[in-house]
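Survey of secondary and tertiary structure
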Amino acid sequence: MDWQGQKLAEQIMQIMLLVSAVISFVAGYVLGSFQMMMIIYAGGVTLTALITVPNWPFFNRHPLNWLDPIEAEKHPKPQVAGSSKKKGSKK
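Here the structure is a predicted model, which is why all the values come from computation and not from measurement.

1. Some remarks on the confidence of the model for the chain
Confidence in the prediction of the chain, expressed as mean pLDDT, is 85, and 87% of residues score 70 or more. Within the chain, helix α3 (residues 69-74) has the poorest average pLDDT of any element, 72, and helix α2 (residues 34-52) the best, 96.

2. Regarding helix α1 (residues 3-31)
With 29 residues, α1 extends 42 Å between its outermost C-alpha atoms, agreeing within 8% with the 42 Å of an ideal straight helix rising 1.5 Å per residue. All of the buried residues along α1 are Gly 5, Ala 9, Ser 20, Ser 24, Ala 27 and Gly 28. Contact partners of the buried residues in α1: α2. Capping the start of α1, Asp 2 holds a side-chain oxygen 3.3 Å from the backbone nitrogen of Gln 4, two or three residues further along. After α1 finishes, the residue Gly 32 shows a positive phi value of roughly 70°.

3. Quick look at the side chain of Thr 52
Structurally, Thr 52 is set in helix α2. Its relative accessible area of 10% is what places Thr 52 among the buried residues. There is a polar contact of 2.8 Å between the side chain of Thr 52 and the backbone oxygen of Thr 48. Excluding residues within four positions of it along the chain, Thr 52 makes contact with Met 1, Ala 9, Ile 12, Met 13 and Phe 59.

4. Here's the deal with α2
Here α2 spans 27 Å end to end across 19 residues, near enough to the 27 Å set by a 1.5 Å rise per residue. When α2 is considered as a whole, its buried residues turn out to be Met 37, Gly 44, Thr 48 and Thr 52. When α2 is viewed along its axis, its buried side chains cluster within an angular range of 50° and face the same direction. Facing away from the buried surface of α2 by more than 90 degrees, the exposed residues are Gln 35 and Leu 50. Lining the buried residues of α2 we find α1.

Procedures and definitions
Residues numbered from 1 in each chain as written. Predicted model: local features only at pLDDT ≥ 70, side-chain atom pairs only at ≥ 80, totals over all residues. Heavy atoms only, no water. pLDDT = per-residue confidence, 0-100. Helix = DSSP H or I, 4+ residues; strand = E, 2+ residues; numbered from the N terminus. Expected span 1.5 Å × (residues − 1). Buried < 20%, exposed > 50% of the residue type's maximum accessible area, 1.4 Å probe, protein only. Contact = heavy atoms within 4.5 Å. Polar contact = N/O pair within 3.5 Å; in protein donor to acceptor, adjacent residues only side chain to side chain. Arc of directions from axis to C-beta.

Below you can see the structure in the form of structure tokens.
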């Protein structure tokens, strides 16, 4: 899953969870049943997970171009800049 696919999956997840929460609340209120509200919401969460968790092909529309190992060896690795001064030393 590429970066745009992750963003799309999160947006779809947020919208579907909000819609299923509203639908389940209204259904539970109309039917007067907390149990029915929770069952409908659990169905919405399950449906959301089935749509957003697997790595579907439409989440891979913008693949990343990685360097080949040979090309990566040509570029030096970044060095960590170390401090040679000692703190707190008194003369």
